Amino acid sequence: MEVAVSASHGVMGPLLGKLADLLAGKYGRIRGVRGEILSLQVELTSMHAALKNYTMLEDPDVEVMTWISLLRELAYDTEDCIDKFIRRLGKRGRRGGFKELLRDTTRFLKSLDSRCGIADQIDELKARIKHVKEVKDCYKLSEIPCSKTEHAAVDPRLCALFAEEAHLVGVEGPRDDLVKWMLKEENSSTKDRKVLSIVGFGGLGKTTLANEVYRKIQGHFDCQVFVSVSQKPYIKNIIKDVISQVPCQDGSTKDTSDWDEKKSIAKLRELLQDKRYLVIVDDIWSTQAWNNIKCAFPYNNCSSRIITTTRIIDVARSCCPGSDDRVYEMTALSDLHSKRLFLKRIFGSEDHCPDMLKESSNEILKKCGGLPLAIISISSLLANRPVVKEEWEKIRRSIGSALENNQSLEGMSKILLLSYNDLPPNLKTCLLYLSVFPEDYVIDRERLVRRWIAEGFISEERGQSQQEVAEIYFYELVNKSMVQPEDIGYDGKARACRVHDMMLEIIISKSNEDNFIVVIGGGQTTLANRQGFIRRLSIQQIDVELVHLLAQEDLSHVRSLTVTCSACVKHLPSLAKFEALRVLDFQGCEGLEEYDMKSIGKLLQLKYLNFPATRISKLPSEIVLLRDLETLHFGATPVEELPIGFAQLTKLQHLIAGGWTIIPKKIGNMRNLREISGFSITGSPADAVEDLGNLPGLEEIDIYLDGGESDEFRRHEEMLLSSLCKLGSCKLRSLRIRGNDGSLEFLGSWSPLPFTLQEFYMVGDYCFTKVPECIAPALTSLSFLDINLAELTEEGLVTLGELPALLHLVLWFRTRPDDRVIVRGFPSLKQFTIYSNDASAYVTFVKGSMPKLKKLDLLINVSTAKTYGFHLGIEHLTCLKQATARLDNRGATPSERKAAEAVIRVEDDVRLAGLLGDLEWHTE
């Protein structure tokens, strides 16, 4: 398995793999080259073993950190040298056989000094390897034990257990809600044990909330227990801690020193068997830890309660497997509560803040992002400083460095670092990479995982592709509350994420330690005080001084360049200086059309190129030289044609074009393509459209198809259908067709339909005459359907209702049905939207239909509804949480309109009070 690039090890793992490949390949048989490679491999392999051990240390000393840094930078520079060497040799080895390669290479090696100085670089690398070995011996690092160190540190969450109620802000609402839930069945016949799991980001106040609930309800229980688990739980000691807090009449639990785990659990179960107990199990970090602990708490039909806290969503869910259990997700404090807590701790009252400090306090609170721990820590720091604006501004600007160096913020830093330190190395690397994005930036999931792959952070695992592994990493960061999910889709998965400002400060600090990413602008400039060359560069803001500093840097070792500020583009150095780039990202940068992109042909290692929503109207012809390119995204740009020879980019996997871009000739040669988007079918040559069928790896298609009656349009329809039929037995997962003034009836002949299809979108006002009958039996994996119909019929809904995996249905229709339409089936549907531009319908739901529906959006025809008494049957939608109904009053009298509103409100809204979370009515 290929070893991935990491923040702590750098490229050491991939470098050793590259050296092994060189030895096994044609270059390893060239005298003079093989010896150099072997020498590098032997020395670096032994150092790599030590590097892996030292990076496992929790608190390495300065000498170890210095040595790790030296070795990491050496590995980067060695790989850069080898890559340059291979590129130069590769150009000479493209023609002829091995003899010609050997002759050309020998001549080339003799002239290395005059041609590119690679020989000098290799000599310098040898000298640096020798130096790194000497440093290791000088520091006597071999004598340092390479196991994880343990520290008997004070628990930084301890203050949460003893927080005074009068000092708390924003806790009352959640606390009272949970207290009510915990005691709800106290007088009922059901006496089952219930579990409440409180989950959220570190510092949100989970322990504080759990303790407040505990205080309010503890008098209702026979015994009360609080126990903390932590990251490295010792189960026997935890159980003994619980035993010590449970009353024992016979005194048999006074001495438990010689009890093993089994005996401890058995005794605790015996003690609790007939008691109504209340237990807080705080700070759980794994499902295994919970599984080991939970067996000590018996189901005893005494209405016992357990409260758990965790930062990890999967752990919270494992604590609450029953329908009566509850997972409570903590949220940040509101702006009002944040301000109240902040000012109260500094001035004793929120009304005593001087006017001159209000702007600074608002900026500091924005940085805190509603995180109680951050607000308390920074307000405590400010409370001991002069009440002067300049002092507050100094703190605001230096929060990142203060987290590292100020003792007042040490507790907060430790709590945030607990989550970071708990991550495996691969996830640490992926998390640190988020520091390339500015504060409050919404980071698109697909963009991020493709960048991770291009950077070399992701390896295939257990038969899973790099894309699949990268997405697993993304969701794991969400699961561990390291990032905040954004844009939650119909399937419950986040399409994007955001990093809390305080966590961003932590990861920027960690990135600086590893010389992982250099940030320019946004208050985070890190050009100075680093070891080694710039490896990854993020430009978020730039001024004349920073332009001057950047111009003096050696940029030939930069592996990724991210520009998120439009004004920065005109100040960028030439792309020719970034010869080692793997990732180039200009998303949303206006003014890019004025930047010289012709040098892009020199970026021969580029794998990811992203510049959507810019004004570039033509791709540089040199782009065809980027033979390693895997992702090219220029969506929402006016680019219409691709350069001649574009199909030579055979490693390309994701191609997202401008919207009306012409499909390139010979696209069938690009057999690694997994996604094509933004191409015009009707504007492209018919043979290019047909060639799409020769791309067996296609998983996503997003195309434009303008309607028409001409023979040419029919020809394009036929070619598109031919391609889709070829892809029917392949991996197609998503199909989106955009356009106007036409019909998709030709798709009725699509066979075989891909059983892998999960999403089908129709964007525009063209439609099917009716629901194709072949949909239900074939598309068993379809989870999202956006379909346009000429007429809404009950038969059509019956067909759609048979789709077993459908989660979200968006249905547009053109013609109003004469009678009501009854809905049946849809066993998995969670969201249903029905709408039209000029028509409406009266849809009713029978018992058993849409049993999992949570969100409903209806357009109701009053004239038809009055015939049936305005009864929708919403009471049958037992899982419904949110509903919107719009009334079409055309053809109805004012009295009928009022009657419709009144009847629907009374019979559905009032009767279903408590069932629907949010029921809105809009009258047209």
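Scoring rules and cut-offs
- Residues numbered from 1 in each chain as written.
- Predicted model: local features only at pLDDT ≥ 70, side-chain atom pairs only at ≥ 80, totals over all residues.
- Heavy atoms only, no water.
- Buried < 20%, exposed > 50% of the residue type's maximum accessible area, 1.4 Å probe, protein only.
- Helix = DSSP H or I, 4+ residues; strand = E, 2+ residues; numbered from the N terminus.
- Contact = heavy atoms within 4.5 Å.
- Pairing = 2+ DSSP bridges.
- Axes fitted to C-alpha atoms, helices over the stretch in contact; angles between N-to-C directions.
- Parallel < 35°, antiparallel > 145°, perpendicular 65-115°, else oblique.
- Left-handed = near helix turned anticlockwise from the far one by under 90°.
- Nonpolar A, V, L, I, M, F, W, Y, C, P; charged D, E, K, R; others polar.
- Salt bridge = Lys/Arg side-chain N within 4 Å of Asp/Glu carboxyl O.
- Polar contact = N/O pair within 3.5 Å; in protein donor to acceptor, adjacent residues only side chain to side chain.
- Phe/Tyr/Trp six-rings, centres within 6.5 Å; stacked < 30°, edge-to-face > 60°.
- Lys NZ or Arg CZ within 6 Å of the ring centre and 35° of its normal.
- Patch = residues over 30% accessible without salt bridge, like charges linked within 9 Å, V, L, I, M, F, W, Y side chains within 5 Å.
- Areas by Shrake-Rupley, 256 points an atom, 1.4 Å probe, with all protein chains shown as cover.
- Lys, Arg positive; Asp, Glu negative; His and termini not counted.
- Charge placed at Lys NZ, Arg CZ, Asp CG, Glu CD.

Caption draft 1: Quick look at helix H10 (residues 235-244). Three or more residues of H10 are buried, namely Ile-235, Ile-238, Ile-239, Lys-240, Val-242 and Ile-243. In this structure, the buried residues of H10 make contact with strand E2 (223-228), helix H11 (261-272) and helix H12 (287-294).

Caption draft 2: The sheet that holds strand E1 (residues 194-199), seen in detail. Pairing is parallel in the open sheet, where 5 strands are placed in the order E2-E3-E4-E1-E5. Looking at which strands have only one partner, the edges of the open sheet turn out to be E2 and strand E5 (326-329). This sheet shows a mean twist of 15 degrees between the axes of neighbouring strands, independent of strand direction. Across 6 bridges, E1 lies against strand E4 (residues 305-310) in parallel orientation. If you follow Val-195 over to E4, its bridge partner there is Ile-306.

Caption draft 3: Spatial organisation of unusual backbone geometry. The omega torsion across Ser-751 and Pro-752 is 0 degrees, close enough to zero to call that bond cis. Within the secondary structure, Pro-752 sits in the loop between strand E18 (734-739) and strand E19 (759-764). In this structure, Lys-666 takes a positive phi of about 60 degrees despite not being glycine. Looking at the element boundaries, Lys-666 is found in the loop between strand E15 (654-662) and strand E16 (675-680). Residue classification places Lys-666 among the exposed residues on the basis of a relative accessible area of 60%.

Caption draft 4: Representation of the packing of helix H21 (residues 445-455) against helix H22 (residues 466-479) in the model. In the contact formed by H21 and H22, the axes pass within 9 Å of each other and the chain directions differ by 120 degrees. The angle between H21 and H22 places the two elements in the oblique class. Taken as a pair, H21 and H22 cross one another with a handedness that is right-handed. Residues Arg-445, Leu-448, Val-449, Arg-450, Trp-452 and Ile-453 of H21 form the contact with H22, whose participating residues are Gln-466, Gln-467, Ala-470, Glu-471, Tyr-473, Phe-474, Tyr-475 and Leu-477. Considering only residue class, the contact of H21 with H22 consists of 9 nonpolar, 2 polar and 3 charged.

Caption draft 5: Layout of the pattern of salt bridges. Enumeration over the complete set of coordinates arrives at 46 salt bridges. Where Asp-77 meets Arg-535, a salt bridge forms, and the shortest distance between an N and an O atom there is 2.8 Å. Of this pair, Asp-77 sits in helix H3 (residues 62-92) while Arg-535 sits in the loop between strand E9 (518-520) and strand E10 (536-539); the two residues are 458 residues apart in sequence, bridging distant segments of the chain. Both residues of the pair, Asp-77 and Arg-535, count as buried. For Glu-699, the salt bridge goes to Arg-733, with nearest N and O atoms at 3.8 Å. Of the two residues, Glu-699 is situated in the loop between helix H25 (686-691) and strand E17 (700-704) and Arg-733 in the loop between helix H26 (711-727) and E18; the sequence distance between them amounts to 34 residues. Taking the relative accessible area as the measure of exposure, Glu-699 reaches 15% and is therefore buried. Salt bridges linked by common partners bring Lys-18, Glu-73, Asp-77, Glu-79, Asp-80, Asp-83, Arg-128, Arg-535, Arg-559 and Arg-582 together as one network.

Caption draft 6: Fine view of the side chain of Ser-264. The residue Ser-264 is located in helix H11 in this model. Of note is the side chain of Ser-264, whose polar atom sits 2.9 Å from the backbone oxygen of Asp-260. Ser-264 has contacts with Lys-236, Ile-239, Lys-240, Ile-243 and Trp-259, leaving out every residue within four places of it along the chain.

Caption draft 7: Geometry of the packing of aromatic side chains. Here the structure, examined in full by the defined rule, presents 14 aromatic pairs. Here Phe-611 and Phe-634 contribute two aromatic rings whose centre-to-centre distance is 6.2 Å and whose plane-to-plane angle is 20 degrees, an arrangement assigned as stacked. Here the residue Phe-611 occupies a position in the loop between strand E13 (608-610) and strand E14 (631-633), and Phe-634 occupies one in the loop between E14 and E15, the gap between them amounting to 23 residues. The burial state of Phe-611 is the same as that of Phe-634; both residues are buried. Three or more aromatic residues joined by ring pairs form one cluster here, namely Phe-342, Phe-347 and Trp-392. The side chain of Arg-276 reaches across the aromatic face of Phe-221, ending 4.3 Å from its centre. Its guanidinium or amino end placed over the ring of Tyr-761, Arg-736 lies 3.7 Å from that ring's centre, counting from NZ or CZ.

Caption draft 8: Broad picture of the pairing of E15. When you tally the buried positions in E15, you get 7 out of 9 residues, the bulk of the element. Examined bridge by bridge, E14 and E15 share 3 bridges and lie parallel to one another. Looking at E15, one finds that Leu-632 is bridged to Leu-655. Relative to E16, E15 runs parallel, the two sharing 5 bridges.

Caption draft 9: Inspection of a positive patch on the surface at higher detail. Together, Lys-830, Lys-852, Lys-854 and Lys-881 give the surface a local cluster of positive charge. Turning to its location among the elements, Lys-852 is positioned in the loop between strand E24 (843-845) and strand E25 (855-861). Given a relative accessible area of 45%, Lys-852 falls into the partly exposed group.

Caption draft 10: Inspection of the side chain of Thr-429 at higher detail. The residue Thr-429 is located in helix H20 (residues 425-432) in this model. Accessibility expressed as a relative area gives 2% for Thr-429, which makes it buried. Filtering out sequence-adjacent residues up to four positions away, Thr-429 remains in contact with Val-5, Ser-6, Ala-7, Phe-457 and Phe-516.

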